[in-house]
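Reading the structure
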Amino acid sequence: MKPTLMLAGALSLIATMAAAQDKPVLTVYAPDYFTSEWGPGPAIEKGFEARCDCTLKFVAGDVLPRVMLEGDKTKADVVIGLNTDVTAKARATGLFAPHNEDTSDLTMPVKWTDPIFLPFDWSDLAFVYDKTKLKNPPHSFQELLDAPDDAYKIVIEDPRSSIAGLSLLLWVKDIYGDKAGEAWAKLAPKVLTVTPGWSEAYGMFTDGEADMVLSYVTSPAYHIMAEKDDSKVAAIFPEGHYLTPELAAQLKTSKHPKLAQAFMDYILSPEFQKMIVTANWSFPAKLPHDQLPEVFRDLPMPDKTLYLPEAEAEKLRGPALDEWQRAFAR
Amino acid sequence: MAARLRAIAPAVLAAAVLATLVLGTLAAVAWRAGGLSGLRGTDLSAIRFTLWQAALSALISCVLAIPVARALHRRRFAGRGVLISLLGAPFILPVIVAVFGLIAVFGRRGIVNVALGHFGIEPLSIYGAQGVITAHVFFNLPLATRMILHGWQAIPSERFRLAATLGFGPAQVARQLEAPMLRAVLPGAFLAIFLVCLTSFAVALTLGGGPRATTVELAIYQAFRFDFDMGRAASLALVQVAISVTALLIAAKVSLPARFGAGHDRLAQPIAQLSGGGGRVGLDALAIALATAFLLTPICAVLLRGLPAIPTLPAMIWPATLTSLWVAAASVLVTLAVALPLALAATRHRWAEIAAMLPMTASALVMGTGAFLIAQPFVNPTSLALPMVLLTNAALSVPFATRILMPEIRTLQADYDRLAAALGLRGLARLRLLTLPRLARPLGFSAGLAAAFSMGDLGVITLFSDGQTRTLPLALFQLMGSYRMDQAAGAASVLLILTFALFFALDRLGHHADPR
Amino acid sequence: MLTLDKLTIQQDDFRLEADFSIAAGSRVAIIGPSGAGKSTLLSVIAGFLAPTQGHLIWEGTEFTRTDPGARPLSILFQDQNLFPHLSVTRNLALGLNPRGKIDAPDRTRIETALIRAGLEGMGARKPGQLSGGQQSRAALARTLLRARPILLLDEPFAALGPALKAEMLALVAQIAREQGMTVLMVSHDPDDARALCPQTILLAEGRAHPPRDTHALLDDPPPELKAYLG
């Protein structure tokens with residue numbers, strides 16, 4: 001960083017601190033990745049502060065565990081970056097208030113009716129590969145299962161520690177139902193290894209160690225737009241792909257309910273929605289298709305989206321995990 | 001009596017801090033959950049797998065370390081000191097960096113398999129139990145080598161000279177001098193590595209190839225995050241503590257302190273007659289060469305991948321680096337302030353040794369959650385972000401620092417306690433004139449380890465995070481999390497170089513400060 | 001006068017009793033079969049071990065529970081009499097002040113003590129750079145600086161050759177006489193006792209017998225001593 005930039009940064013920090021004295025502070029809990037300079041955090045902070053006459057303060061870390069431990073004494077006004085795996089648990093705490101947004105015209109592949117958890121972006125789970133290296137990619141989930149064991153090696157994430165891994169369990173369960181165990185038995189030999197999180201898995205893929213990685217249909221967009229590399233593609237399966245929305249919610253206990261509501265409004269504003277596309281490499285929850293960047297408009301997309309309602313997913317995940325563990329135990 | 005109490009007070013305080021941090025937090029989690037809850041079948045297989053892989057990893061690390069330490073002790077060659085330090089590098093590597101280094105060497109597309117492919121040999125797989133153990137040996141061979149090498153160096157040169165005078169051959173030296181030393185050192189080394197591997201999480205998961213390689217630590221994670229069952233998490237954490245303490249007690253029963261008596265601090269020179277002829281030189285060279293290749297190739301792979309990306313690193317890496325550096329410096333001070341009184345007390349009081357080992361048995365997740373539960377009624381946990389980071393980073397180094405210090409303290413006490421008592425040397429004067437100078441080497445080594453551990457720490461205590469302080473490993477993860485794998489590799493190189501430089505500097509400083 | 005008043009030392013099945021006095025300024029050897037407890041008795045007097053019963057008294061002041069460093073005595077061990085990482089001067093400084101801090105007059109006193117012990121100009125050396133005899137001299141010089149009335153010797157010169165040992169014993173005798181020190185020396189060599197100590201305490205069968213004339217005792221040893229002397 002140039003010294004002048006540092007100085008400017010320091011000055012602006014002092015300015016914000018001074019300003020912060022008389023402005024209300026909206027506290028937003030977010031995951032770690034959110035607040036890095038490549039995450040959406042900085043843009044959200046700038047954009048919202050420009051319109052709210054307030055200070056937005058991100059607290060990065062374990063969002064829901066922290067709120068649950070704090071209970072009704074939580075400092076959070078809003079949480080952002082939740083995944084669907086925790087909504088049932090979060091809802092049961094009774095700590096969250098309705099988002100009061102009209103979700104009838106969201107640009108999501110499913111109809112969104114949840115009154116509390118508001119999606120701000122979404123993607124579909126997909127297996128991503130390098131088309132210059134993998135000459136025989138699967139064209140359907142069934143083809144993936146039926147391929148010889150040595151056709152390709154896949155890295156997946158552990159469902160116990162990663163939302164991608166858990167969504168894969170539900171994906172398989174949704175397609176294969178009672179036969180999910182058999183599906184896993186066919187998939188397991190092609191799984192090179194299981195990583196704790198998405199980062200490790202994706203790193204192993206980009207290092208060339210794995211032929212395919214469990215990621216998202218939107219992953220290739222990053223490589224095309226940021227690296228001018230169109231070799232990474234998502235395998236599109238006719239059976240359908242599992243939806244992974246990212247969510248925000250406001251707290252009942254917020255001391256600034258109006259600001260919190262304004263933040264929920266901001267999330268669905270065109271400004272936020274346009275920004276989130278490349279800040280989070282996902283589809284925005286509410287933005288007409290023609291306003292998307294060209295690369296996103298042209299991304300190959302599945303015809304069918306799979307998504308289990310919260311209650312059903314909650315019921316299935318325990319047994320699905322057992323099935324998964326059994327398949328790998330062999 | 002009052003003087004005795006005064007002397008032991010710092011150790012009692014240090015033990016209380018660690019006990020609160022490990023057991024108090026566990027109790028807080030159990031209390032919040034309304035009690036412990038029962039384990040499931042998968043938990044039992046996780047316990048089995050954990051014990052098995054930890055024991056095997058520790059055994060292999062120790063067995064392989066003997067010839068390496070022996071060779072390093074017997075041979076003098078240019079760059080030996082630097083090589084010994086360099087061979088320590090894997091132990092202080094951040095897990096994620098090391099795993100990628102191992103994959104670059106032993107993975108499907110790694111150097112080894114490419115080479116094997118040229119000869120038409122079936123590729124090796126690093127995924128599965130063998131991968132977990134390979135990785136654990138990679139991490140811990142340096143620890144075992146250092147502990148055993150220290151054992152060798154602790155045999156006074158007078159004894160070797162006596163052996164030479166008596167016309168001992170290598171076999172007799174092995175039996176009379178080296179076997180008793182190994183007998184004293186190995187249980188401790190085995191225990192330390194066993195405990196390290198016991199709480200393995202990311203290594204076991206990433207290289208384990210699937211859920212068969214589930215460790216207790218992962219089961220705890222699952223109980224917390226997947227099942228939201230804090231009672232089961234607490235039960236599993238308790239199992240982990242119980243296993244560790246049992247292992248500790250067994251090791252204490254098995255190990256006998258080696259007593260060689262004090263020497264006169266003359267520099268130990270290897271004695272040609274005892275080191276054997278050309279064949280042994282060849283074997284020693286082979287042991288050193290193999291260990292070097294095994295331990296350093298993955299590190300070179302990380303550097304090769306990352307160095308070109310360093311110029312492209314975003315500016316925010318540098319403030320994060322600074323943060324990491326000064327957190328490491330503070331963590332060193334906290335580590336030594338806790339470990340030294342405990343190690344001094346531990347040679348006479350078993351409780352001090354157990355207290356010092358407690359952090360190794362702790363589950364990071366339980367510790368963080370429990371500390372949060374304890375702190376929350378009184379203060380805003382984010383205001384404790386920094387003290388918690390320092391305390392947890394330091395706590396993870398304390399077991400190692402204590403283990404490193406204890407043998408030298410035993411020697412120190414056996415040799416000079418009576419003299420110091422007769423001269424009325426005690427308190428701070430004793431610390432300044434006797435304890436610190438005599439312990440300069442192990443203190444430097446401990447400080448280096450503490451700094452390195454702190455550098456590589458990901459901030460397990462994310463619950464306390466205020467979202468403002470970003471360390472280098474966190475920046476690395478954020479880069480990975482936003483697809484910037486090349487820059488992440490660059491950050492990994494920076495992390496690796498700085499971590500090692502810190503370790504090396506402190507370790508050497510200890511050698512320099514050693515008045516011998 | 002040094003009094004061991006009904007002193008009992010009990011460790012597992014080892015037991016030693018002592019009940020006698022030694023006149024101030026006398027030099028007394030302690031001899032007896034190995035395992036009789038010679039070093040143990042010295043350790044109790046020096047304060048490394050607590051007696052099970054009884055009292056230790058010097059000139060009317062009891063020191064049974066006093067810290068080793070505060071007792072009216074100095075002790076020389078078989079080895080480890082010096083800290084190898086400290087220079088001779090700093091080792092000697094500990095005899096003046098356990099904090100190790102010294103001022104200019106102290107330096108002069110240390111230099112004088114070194115000259116007295118025959119180590120002139122060797123203050124800057126580390127013990128490892130000294131010969132065995134020189135190390136003993138350095139340790140002896142420190143007892144000079146400590147200037148305590150009692151000197152305990154626990155086979156201090158056992159590692160030295162006969163000539164060197166005789167030389168050291170003579171030096172101890174000379175210093176003790178000059179300083180009026182009371183000397184108690186453990187030795188397994190009757191010749192040491194004859195050379196340095198007019199009186200001797202015999203340790204045998206769980207008892208420390210009161211001091212007797214060394215020559216008389218050694219020339220006409222009781223049966224338990226006879227067995228040991230062979």
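Since this is a predicted model, take the numbers as computed values, not measurements.

1. Section: the overall build of chain C
Each helix and strand counted, chain C has eight helices and eleven strands in total. Relative to the 2.2 N^0.38 estimate, which gives 17 Å for 230 residues, the radius of gyration of chain C is 18 Å and therefore close to what a compact globule would have. If one aligns the C-alpha atoms of chain C with their principal axes, the spans along those axes are about 50 × 40 × 30 Å. Intrachain contacts of chain C at a sequence separation of at least 6 include 64% that bridge at least 24 residues.

2. Comments concerning the overall build of chain B
If you tally the helices and strands in chain B, you get 22 helices and zero strands. Computed over its C-alpha atoms, the radius of gyration of chain B comes to 23 Å, within 12% of the 24 Å expected for a compact globule of 516 residues. Principal axes of the C-alpha set define a box for chain B whose edges measure 70 × 65 × 50 Å. Considering chain B as a whole, with its 516 residues, one finds that 55% of them fall into the buried category. Long-range contacts, defined here as pairs at least 24 residues apart, represent 86% of the contacts in chain B between residues at least 6 apart.

3. A look at the UniProt feature "domain: ABC transporter" (unreviewed entry) in chain C
As recorded in UniProt, the feature "domain: ABC transporter" (unreviewed entry) lies at residues 2–230 of chain C. For the annotated span residues 2–230 of chain C, helix accounts for 37% and strand for 24% of the residues, and the straight-line distance between the end C-alpha atoms is 31 Å.

4. Structural notes on the domain arrangement of chain C
All names here are of chain C. Partitioning chain C into structural domains gives domain 1 (1–72 + 150–230) and domain 2 (82–147). Averaged C-alpha coordinates put domain 1 and domain 2 at centres separated by 25 Å. Counting residues at the interface gives eleven residues for domain 1, matched by seven residues for domain 2. Among the elements that take part in the side of domain 1 that touches domain 2, helix H5 (residues 162–179) stands out by supplying five residues, more than any other. In terms of residue class, the side of domain 1 that touches domain 2 is built from ten nonpolar, one polar and no charged.

5. Considerations on the interface of chain C and chain B
Taken together, the 22 residues of chain C in the interface contact 21 residues of chain B. Broken down by class, the residue content of the side of chain C that touches chain B amounts to twelve nonpolar, eight polar and two charged.

6. Describing helix H11 (residues 216–226) of chain B
Residue and element names in this part refer to chain B. Counted residue by residue, H11 has ten buried out of eleven residues, so it is predominantly covered. Those residues of H11 that sit buried are Val216, Glu217, Leu218, Ala219, Ile220, Tyr221, Gln222, Ala223, Phe224 and Arg225. For H11, the elements touching its buried residues are helix H2 (41–74), helix H10 (202–208), helix H12 (230–254) and helix H17 (364–375). Count one or two residues on from H11 and you reach Phe228, which has phi positive near 50°.

7. Quick word on the UniProt feature "domain: ABC transmembrane type-1" (unreviewed entry) in chain B
This chain's UniProt record puts "domain: ABC transmembrane type-1" (unreviewed entry) on residues 47–251 and 321–506 of chain B. The span residues 47–251 of chain B shows a helical share of 80% and a strand share of 0%, and its end C-alpha atoms are spaced 20 Å apart.

8. What to know about the domain arrangement of chain B
One widely used convention gives an interface's size as the accessible area the parts lose upon coming together. Residues and elements named next belong to chain B. Domain annotation of chain B identifies domain 1 (1–32 + 313–516) and domain 2 (56–214 + 276–305). Centre-to-centre, using C-alpha coordinates, domain 1 lies 24 Å away from domain 2. Across the contact, 22 residues belong to domain 1 and 18 residues belong to domain 2. If you list the elements that add at least two residues to the side of domain 1 that touches domain 2, you get helix H16 (350–361), helix H18 (385–422), helix H20 (440–456) and helix H22 (485–513). With ten residues, the top contributor of residues to the side of domain 1 that touches domain 2 is H22. Broken down by class, the residue content of the side of domain 1 that touches domain 2 amounts to 14 nonpolar, six polar and two charged.

9. Examining the nonpolar core
Core analysis: the largest hydrophobic core is formed by 275 residues, its most contacted members being Ile154 of chain A together with Ile193, Ile220, Leu342 and Ala491 of chain B. Setting aside residues no more than four positions away along its own chain, Ile193 of chain B makes contact with Ser57, Ala58, Ser61, Cys62, Asn140, Leu143 and Ala144 of chain B. By size, the runner-up hydrophobic cluster in this structure holds 72 residues, among which are Ala420 of chain B together with Trp58, Val88 and Leu203 of chain C.

10. Concerning the pairing of strand E2 (residues 14–22) of chain C
Residues and elements named next belong to chain C. Bridge analysis of strand E1 (residues 2–11) against E2 gives eight bridges, and the strand direction is antiparallel. Bridge pairing in E2 links Thr8 to Glu17. When E2 meets strand E10 (residues 207–208), the two strands line up parallel, connected through two bridges. Counterpart to Ala18 in the pairing with E10 is Ala208.

11. Overview of the interface of chain A and chain B
The interface of chain A with chain B comprises 43 residues on the first partner and 45 residues on the second. Only strand E2 (55–60), helix H3 (63–70), strand E7 (191–195), helix H8 (198–206) and helix H13 (310–329) of chain A provide two or more residues apiece to the side of chain A that touches chain B. Its residues placed into classes, the side of chain A that touches chain B shows 19 nonpolar, twelve polar and twelve charged.

12. Concerning unusual backbone geometry
One non-glycine residue, Trp281 of chain A, lies in positive phi territory at about 50°. We note that Lys6 of chain C has phi near 45°; this positive angle belongs to a residue other than glycine. Tracing the backbone through its elements, the reader meets Lys6 of chain C in strand E1.

13. Comments concerning the packing of helix H7 (residues 129–154) of chain B against helix H9 (residues 170–198) of chain B
Two numbers describe a pair of packed helices, the interaxial angle and the distance between the axes. All names here are of chain B. For the pair H7 and H9, interaxial distance at closest approach is 9 Å and the crossing angle is 155°. Relative to H9, the element H7 is oriented roughly antiparallel. Classified by chirality, the crossing of H9 by H7 is right-handed. Along the contact surface, H7 presents His136, Asn140, Leu143, Ala144, Met147, Ile148, Gly151 and Trp152, while H9 presents Met181, Leu182, Ala184, Val185, Gly188, Ala189, Ala192, Ile193, Val196 and Cys197.

14. Some thoughts on helix H11 (residues 270–280) of chain A
Residue and element names in this part refer to chain A. Among the residues making up H11, those that are buried are Phe272, Gln273, Ile276, Val277 and Asn280. In an axial view of H11, the angular spread of the buried residues amounts to 145°, which keeps them on one side of the axis. Looking at the buried side of H11, the elements it contacts are helix H2 (41–52), strand E5 (118–130), helix H10 (257–267), strand E11 (283–284) and helix H12 (294–298). Phi for Trp281, located one or two positions after H11, is positive at around 50°.

Calculation criteria
Residues numbered from 1 in each chain as written. Chains lettered and ligands numbered in written order. Predicted model: local features only at pLDDT ≥ 70, side-chain atom pairs only at ≥ 80, totals over all residues. Helix = DSSP H or I, 4+ residues; strand = E, 2+ residues; numbered from the N terminus. Rg over C-alpha atoms; globule rule 2.2 N^0.38 Å. Contact = placed C-beta atoms within 7 Å. Buried ≥ 20, exposed ≤ 12 C-beta atoms within 10 Å, placed from the backbone. UniProt positions renumbered as here; feature names shortened; annotations may be inferred. Domains from an automatic or database assignment. Nonpolar A, V, L, I, M, F, W, Y, C, P; charged D, E, K, R; others polar. Core = buried A, V, L, I, M, F, W, Y, C linked by C-beta atoms within 7 Å. Pairing = 2+ DSSP bridges. Axes fitted to C-alpha atoms, helices over the stretch in contact; angles between N-to-C directions. Parallel < 35°, antiparallel > 145°, perpendicular 65-115°, else oblique. Left-handed = near helix turned anticlockwise from the far one by under 90°. Arc of directions from axis to C-beta.

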